Amino acid sequence: LLLFVGVEFSHAQKPFEKGSTRLSVGGAGNKSGVGMAFGVGHYVFDGLELGLDSAFWFGDQGNQLHLMPGVRYVVHKPKRFKPYFGVFFHRAVYSSEDRENANSFGGRAGGFIKGGRHFFGIGVAYEKYLDCEGKGCEEFYPEFNFALHL
C-alpha cells in the first residue's frame with residue numbers, strides 16, 4: 001500500500017500568473033519505507049512554470065534521492081477547469097550498492113479543478129528510463145494534487 005499526501009501553496013494575485021511561486025510538500029509510505037517530497041516552482045510567464053521537485057525515500061533496501069527539474073504549462077484562462085501539460089527529467093541516486101543510479105525523462109498531462117481558494121489536480125505521467133533495456137523501462141502512473149491559493 002502506498003499513500004501519498006501532497007499540498008501546494010502559491011502566493012500571487014491569481015494562481016498560475018507570472019511571478020507566482022509554488023511550494024509543495026508531500027509524503028508517502030508503505031511496509032518497506034517512508035518518503036518525503038519537496039518542490040518549488042516559479043511562473044516565468046502566465047501559465048508557464050519552471051520547477052524543481054525532490055523526494056527522499058528511507059527504507060529497507062537503502063535510501064534514495066530523486067531530483068526532478070521540469071517545465072509545466074497551465075492553461076490558466078478557463079474559470080473552472082485548467083488543463084496542464086509538461087515535461088521533466090528525473091535523476092535517482094541510490095545508497096544501496098545493489099542498485100545503479102538512474103536517469104529518465106517524461107511528460108505529464110492533466111487538469112486542475114478550481115473550488116474557491118483551492119484547486120484539485122488529477123493527471124497522468126509517462127516516464128522512460130535511459131540506459132535500460134527490456135521490460136520495466138517505461139511506466140505510466142497517476143498524479144494527484146491539492147493546491148491552496150494564499
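Up top you'll find the structure we're talking about.
All figures in this text were calculated on a predicted structure; none of them were measured in a lab. Just so you know, the residues in each chain are numbered from 1, in the order the chain's sequence is written. The model is predicted, so local features are restricted to residues of pLDDT at least 70 and side-chain atom pairs to those at 80 or more, both for listing and for counting; the totals for chains, interfaces and linings are taken over all residues. Side-chain metrics in this entry use all non-hydrogen atoms of the structure; hydrogen atoms and water are not considered.

S.K.: Residues and numbers for the overall build of the chain, please.
M.R.: Within the chain, the secondary structure is distributed over 0 helices and 9 strands. Here a helix means four or more residues in a row that DSSP labels H or I, a strand means two or more in a row labelled E, and each is numbered from the N terminus. Of the regular secondary structure in the chain, the N- to C-terminal order runs β-β-β-β-β-β-β-β-β. Relative to the globule expectation of 15 Å for 150 residues, the C-alpha radius of gyration of the chain, 16 Å, shows essentially globular dimensions. Taking the principal axes of its C-alpha atoms as reference, the chain extends roughly 50 × 30 × 25 Å. In the chain, buried positions account for 35% of the 150 residues. It only takes one pair of heavy atoms within 4.5 Å for two residues to be counted as in contact. Partitioning the contacts of the chain with sequence separation of at least 6, the portion at a separation of at least 24 is 43%. Residue-level accessible areas treat just the shown protein chains as cover; the underlying method is Shrake-Rupley with a 1.4 Å probe. For the chain, the computed accessible surface area is about 9,300 Å², with 64% contributed by carbon and sulfur atoms. Only four residue types enter the charge count: Lys and Arg as positive, Asp and Glu as negative, with His and the chain ends excluded. To locate a charge, take atom NZ for lysine, CZ for arginine, CG for aspartate or CD for glutamate. Looking at charge distribution, the chain has the averaged site of its 16 positive side-chain charges lying 14 Å from that of its 15 negative ones. Just to be clear, the radius of gyration here is over C-alpha atoms, and the globule rule we use is 2.2 Å times residues to the power 0.38. The buried label goes to any residue with under 20% of its type's maximum accessible area, the exposed label to any with over 50%, and the partly exposed label to all in between, with areas taken from a 1.4 Å probe on protein chains only.

S.K.: Explain the layout of surface pockets to me, using residue names and the numbers behind them.
M.R.: Using a grid of 1 Å spacing that covers the protein atoms alone, one calls a set of points a cavity when a 1.4 Å probe fits there but cannot get out, and a pocket when the set is open and has protein on both sides within 12 Å along at least five of seven lines; lining residues are those with an atom within 4 Å of a point. Grid points are joined across faces, edges and corners, and a volume is the space filled by probe spheres set on the points. Looking at the second largest pocket, its volume works out to about 300 Å³. In terms of lining, the second largest pocket is formed by Lys-14, Pro-15, Phe-16, Glu-17, Asp-46, His-76, Lys-77, Pro-78, Lys-79, Lys-82, Lys-114 and Phe-119. Considering only residue class, the lining of the second largest pocket consists of 4 nonpolar, 1 polar and 7 charged. Only Asp, Glu, Lys and Arg are considered charged, only Ala, Val, Leu, Ile, Met, Phe, Trp, Tyr, Cys and Pro nonpolar, and every remaining residue, Gly among them, polar.

S.K.: Go over the packing of aromatic side chains with me, naming the residues and quoting the values.
M.R.: Any pair of Phe, Tyr and Trp rings, taking the six-membered ring for Trp, is counted once the centres come within 6.5 Å. Such a pair is stacked with planes under 30 degrees apart, edge-to-face with planes over 60 apart, and tilted for the rest. Enumeration according to the criterion identifies 8 aromatic pairs in this entry. Where Tyr-84 meets Phe-112, the ring centres are 5.2 Å apart and the plane angle is 40°; that geometry is what we call tilted. You can see Tyr-84 sitting in strand 6 (residues 81-94) and its partner Phe-112 sitting in strand 7 (residues 102-115), a full 28 residues away along the chain. Accessibility expressed as a relative area gives 2% for Tyr-84, which makes it buried. Given the relative accessible area of 0%, Phe-112 is considered buried. Taking the centre distance of 6.5 Å and the plane angle of 85° together, the rings of Phe-112 and Phe-119 count as edge-to-face. Summarising the burial analysis for this pair, Phe-112 and Phe-119 share the class buried. Site record: aromatic cluster; members linked through ring pairs are Phe-16, Tyr-43, Tyr-84, Phe-112 and Phe-119. Charges are assigned to positions over rings by a cutoff of 6 Å between ring centre and Lys NZ or Arg CZ, combined with an angular limit of 35 degrees from the ring normal. Lying across the ring of Tyr-84, Arg-72 places its NZ or CZ 5.6 Å from the centre.

S.K.: Describe in detail the pairing of strand 7, supporting the description with residues and values.
M.R.: Strands are labelled as partners when DSSP assigns at least two bridges between them. Where strand 6 lies against strand 7, 12 bridges are found, and the strand directions are antiparallel. When the bridges of strand 7 are listed, Phe-81 appears paired with Ile-113. Pairing analysis gives 12 bridges linking strand 7 to strand 8 (residues 118-129), with the strands arranged antiparallel. Residue pairing in the sheet places Ile-113 in a bridge with Phe-120 of strand 8. Between strand 7 and strand 8, which pair antiparallel in sequence order, lie 2 residues; one of them, Gly-116, sits at a positive phi of approximately 70°.

All we've got here are geometric facts, nothing functional implied.
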